[in-house]
Amino acid sequence: MSKPIEKLKKQLIEISEVVNAFQSEAVQVKIIDKLLDAMIEFEKGDADGYEFLSKKSTKQKPLANGTYSAISDRKKPGATKILNQLLSTDFFKSSHSISAIADYCKEQYNSDFKTSELSGILLKLAKENKLKRQKNDENNRFEYVGV
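Because the structure is a prediction, the values reported are computed rather than measured.

Reading guide: rules and limits
Residues numbered from 1 in each chain as written. Predicted model: local features only at pLDDT ≥ 70, side-chain atom pairs only at ≥ 80, totals over all residues. Heavy atoms only, no water. Salt bridge = Lys/Arg side-chain N within 4 Å of Asp/Glu carboxyl O. Helix = DSSP H or I, 4+ residues; strand = E, 2+ residues; numbered from the N terminus. Contact = heavy atoms within 4.5 Å. Pairing = 2+ DSSP bridges. Axes fitted to C-alpha atoms, helices over the stretch in contact; angles between N-to-C directions. Core = buried A, V, L, I, M, F, W, Y, C linked by side-chain atoms within 4.5 Å. Buried < 20%, exposed > 50% of the residue type's maximum accessible area, 1.4 Å probe, protein only.

**Student:** Lay out the pattern of salt bridges in plain terms, naming residues and giving numbers.
**Tutor:** For the structure on display, the rule yields 4 salt bridges. The shortest N-O distance in the salt bridge between Lys93 and Asp90 comes to 3.9 Å. The shortest N-O distance in the salt bridge between Lys106 and Asp112 comes to 4.0 Å.

In structure tokens, the structure reads:
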């Protein structure tokens, strides 16, 4: 392996205990992402700013002349927000399976959700009596319809 990769491997081993202390994989990924960004900034010689530790991150967008421009991250709305928006429309007037809901979100909101991301939120909405959860007799799968 090359020298930079060996150096990175050694550094990751040193921090693995701290990162693994967090139970959430999403938190672990964010920590590693921030650390790698910090290492890149440090190696560029711009370690005095520490902007990479701020809550809202910025990405470097390469420009045609070889320089970089900072652009802010714009996140798409999450599954909970989109499902709550769907509740206020006529979408749930008919019953839909989780996969049909995921397909609709992809088409209408350009959000590619896995069915596992939607299932917990849909179950919560059913428990809050915002949706009705019923089993389809034909395919033995749950479908969701408005109350």
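**Student:** Go over the environment of Leu86, please, and point to the residues and values.
**Tutor:** Residue position: Leu86 is located in helix H3 (residues 79-87). When the C-alpha positions of Leu86 and Ile101 are compared, they lie 9.6 Å apart, and in sequence the two are 15 residues distant. Leu86 has contacts with Phe91, Phe92, Ile101, Tyr104, Cys105 and Tyr109, leaving out every residue within four places of it along the chain.

**Student:** Provide a residue-level description of the sheet that holds strand S4 (residues 131-135), including the pertinent values.
**Tutor:** Pairing is antiparallel across the open sheet formed by 3 strands, whose spatial order is S3-S5-S4. Single-partner strands in this sheet number two, and they are strand S3 (96-97) and S4. Judged from the 2 bridges that link them, S3 and strand S5 (residues 142-146) form a sheet pairing that is antiparallel. Within S5, the position partnered with His96 by the bridge is Tyr144. Here helix H5 (residues 115-127) sits on the sheet in contact with S4 and S5, set at roughly 110 degrees to S4.

**Student:** Hey, could you go over the nonpolar core for me, with residue numbers and the actual values?
**Tutor:** Counting residues in hydrophobic clusters, the biggest one holds 17 residues, and the most contacted among them are Leu83, Leu86, Phe92, Ile101, Leu118, Leu122 and Tyr144. Secondary-structure elements contributing two or more residues to this core are H3, helix H4 (98-109) and H5. Setting aside anything within four residues of it in sequence, one finds Leu118 in contact with Ala79, Leu83, Ile98, Ile101, Ala102 and Phe113.

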